[in-house]
Amino acid sequence: MANVIVVGAQWGDEGKGKVVDYLTESADLVVRYAGGANAGHTLVLGDQRLVVHLLPSGVVHPEKRCLLGAGMVIDPQGLLEEIQTCRDMGVAIDPERVRISELAHVILPYHKEIDGLRDQGSDAIGTTRRGIGPCYEHKMTRRGVRMWQLARPDELAAALDNTLPAVNAQLVQLGGEPADRDDLLERYTAIGATLAPYLCDISRTVSDAMDQGDAVLFEGAQGSLLDIDYGTYPYVTSSSTIAGGACTGAGVGPTRIDGVVGIAKAYQTRVGNGPFPTELSGDLEATLRERGQEYGATTGRPRRCGWLDVVTLRRAARINGLTSLAMTKLDVLGGLPKLRLCTSYTLDGRSLDDLPPSTKDMERLEPVYEELDGFDQDITGARTTEALPENARRYLRRVETLVGVPIGLVSVGPRRSETIVLENPFGER
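Definitions and cut-offs
- Residues numbered from 1 in each chain as written.
- Predicted model: local features only at pLDDT ≥ 70, side-chain atom pairs only at ≥ 80, totals over all residues.
- Heavy atoms only, no water.
- 1 Å grid on protein atoms, 1.4 Å probe; cavity = no way out; pocket = protein on both sides within 12 Å on 5 of 7 lines; lining within 4 Å.
- Points joined across faces, edges and corners; volume = space filled by probe spheres on them.
- Helix = DSSP H or I, 4+ residues; strand = E, 2+ residues; numbered from the N terminus.
- Nonpolar A, V, L, I, M, F, W, Y, C, P; charged D, E, K, R; others polar.
- Core = buried A, V, L, I, M, F, W, Y, C linked by side-chain atoms within 4.5 Å.
- Buried < 20%, exposed > 50% of the residue type's maximum accessible area, 1.4 Å probe, protein only.
- Pairing = 2+ DSSP bridges.
- Contact = heavy atoms within 4.5 Å.
- Axes fitted to C-alpha atoms, helices over the stretch in contact; angles between N-to-C directions.
- Salt bridge = Lys/Arg side-chain N within 4 Å of Asp/Glu carboxyl O.

Participant: Run through empty space enclosed by the protein, naming residues and quoting values.
Facilitator: In the structure shown here, the tally under the stated rule is two cavities of 30 Å³ or more. What lines the largest cavity is simply Leu23, Val261, Ser324, Leu325, Ala326, Gly408, Leu409, Glu423 and Pro425. Where the lining of the largest cavity is concerned, the elements lending two or more residues are strand E15 (324-328) and strand E19 (407-411). Per-element tally for the lining of the largest cavity: the top contributor is E15, with three residues. By residue class, the composition of the lining of the largest cavity is six nonpolar, two polar and one charged. Space inside the second largest cavity adds up to approximately 40 Å³. As for the second largest cavity, its lining consists of Lys18, Asp21, Thr42, Leu43, Val44, Pro414, Arg415 and Arg416. Elements represented by at least two residues in the lining of the second largest cavity include exactly helix H1 (16-23) and strand E3 (41-45). No other element matches E3, which puts three residues into the lining of the second largest cavity.

Participant: Before we move on, can you summarise the nonpolar core with the specific residues and values?
Facilitator: One recurring pattern in soluble globular proteins is that nonpolar side chains are buried together. Of all hydrophobic cores here, the largest spans 59 residues; its most connected members are Phe218, Leu330 and Leu333. With six residues, helix H13 (residues 390-403) is the single largest residue contributor to this core.

Participant: Now, about the sheet that holds E19: what can you tell me, with residues and values included?
Facilitator: Ordered by their spatial adjacency, ten strands build an open sheet running E9-E7-E5-E2-E10-E1-E11-E15-E19-E20, and the pairing between neighbours is mixed. Two strands lie at the open edges of the sheet, namely strand E9 (199-200) and strand E20 (419-421), each paired on one side alone. As judged from the four bridges shared by strand E1 (residues 3-8) and strand E10 (residues 216-219), these two strands associate in the parallel manner. Note on E10: the bridge partner recorded for Val6 is Glu219. H13 contacts E15 and E19 of the sheet and is inclined by roughly 140° relative to E19.

Participant: A description of the layout of surface pockets should follow, citing residues and the corresponding values.
Facilitator: Considering only enclosed or pocket space, the second largest pocket measures out at about 620 Å³ in volume. Every residue lining the second largest pocket is counted, 27 residues in all, and those nearest its centre are Thr42, Arg49, Gly292, Gln293 and Lys329. Going through the elements one at a time, H1, E3, strand E4 (48-52) and helix H10 (282-292) are the ones with two or more residues in the lining of the second largest pocket. Here the lining of the second largest pocket is built from residues that sort into six nonpolar, eleven polar and ten charged.

Participant: I'd love a proper account of the environment of Gly274, names of residues and values included.
Facilitator: Mapped onto the secondary structure, Gly274 falls in the loop between strand E12 (268-270) and H10. Accessibility expressed as a relative area gives 12% for Gly274, which makes it buried. Residues Gly274 and Asp28 lie 246 residues apart in sequence; the distance between their C-alpha atoms is 38 Å. What Gly274 contacts, discounting residues up to four positions off in sequence, is Tyr235 and Arg304.

Participant: Describe the pattern of salt bridges, listing the residues and the values that go with them.
Facilitator: Taken as a whole and assessed by the stated rule, the structure comprises 28 salt bridges. Among the salt bridges present, the one from Arg118 reaches Glu137, with a minimum N-O distance of 2.8 Å. In this pair, Arg118 is assigned in helix H3 (residues 109-118) and Glu137 in helix H4 (residues 132-140), connecting sequence segments 19 residues apart. Residue Glu137 is classed as partly exposed on the basis of its relative accessible area, which comes to 39%.

Participant: Describe in detail the pairing of strand E5 (residues 65-68), supporting the description with residues and values.
Facilitator: Pairing between strand E2 (residues 29-32) and E5: four bridges, direction parallel. Its bridge partner lying in E5, Val30 is registered against Cys66. Sheet topology note: the E5/strand E7 (residues 98-101) ladder contains three bridges and is parallel. Across the sheet, Leu67 pairs through a bridge with Arg99, a residue of E7.

Participant: Can you break down unusual backbone geometry residue by residue, with the values?
Facilitator: A cis amide bond links Tyr233 to the next residue, Pro234, at an omega of 10°. Locating Pro234 in the fold gives a position in the loop between E10 and helix H9 (244-250). Phi angles above zero are rare outside glycine, and Gln222 is one such case at about 55°. By the secondary structure assignment, Gln222 is in the loop between E10 and H9. The class of Gln222 is buried, set by a relative accessible area of 8%. Although it is not a glycine, Lys329 sits at a positive phi angle of roughly 55°. With respect to the helices, strands and loops of the structure, Lys329 is situated in the loop between E15 and strand E16 (338-347).

In structure tokens form, the structure reads like this:
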């Protein structure tokens, strides 16, 4: 059986929720391996929409096991609220099918406070203010709190005593109020007791499942262009969002991975600040935003919209080792007379076929476009590529050629059924 990583190939919001939900039918386990509640994956359940921030997108499949890996940073209060929301919608959540790495780091209220106080002014990154960056900082400086410590009050007390002096000094310096150690200990001891039955060694759980022939789907968060090392730094997230992060975040070796699926919209979006070479403005951007309902699932902020950037898509293919692409929201392009693909850039008269290292240079890039004819037809009913208009097929073929990666799945609408599958990365199950 195959073990497959699914990653975002752009700046996040590519439609990973739907694609993972669809591919989960072919998997036995779904594993989130990085990030935290800064990710928002929207799932459609009949006429209802469920947005999950921490739970894997496969959670709506009651027969599948869903795991939260050690590479994640977890807001335990938010996780409990998310579990309750799922239950209210009839989605069963229990320790038999949902497990949490005992080694994952914990987001506490002071992480969110620091995040909000710091990300202000003209130099703001535009974070979700969910405490992601400050929590990863504490992880790297060895002052973090892990999930297993929530279940042991003595260990939680010692961890808070170790980190709060520096945290409170920083909060005061930033203009905030110091955190109350006793209040945190009381609240999070109770939360830890509730979550304790869900905790386990995720690396061992995934390895054992692979050994017995189960298929594993590794679910990424955010997108490749937000990767801490290879994204548009400093306008990035604080974790490894690329395929390699699945191995470290879930505790499995790279030799156990059989395929990597990169998800990309048929156009490009970005939330928050940072360079965006193909960004549009005016009526065309507004059209894409409204048709695609491009508003952040986590923040509600309107997404910046533009033409598909093949240069960055090639970059994503390279750093992830993509074996196939999943193209989402092709239907949103319907009715546009002309479609554009960015195939290279110019900078100070020079031609570039990749992003430069300087963010300031990225912001001065001029996209070089290739123009194709658009299509007018409603394609939400298409279930094969043959049912697509010729111009839509031509668009997909051109993307494949330019990126050098085959398209294995095309989403033509928000519902699970509105999907064209050319090649299932898990093969026939």
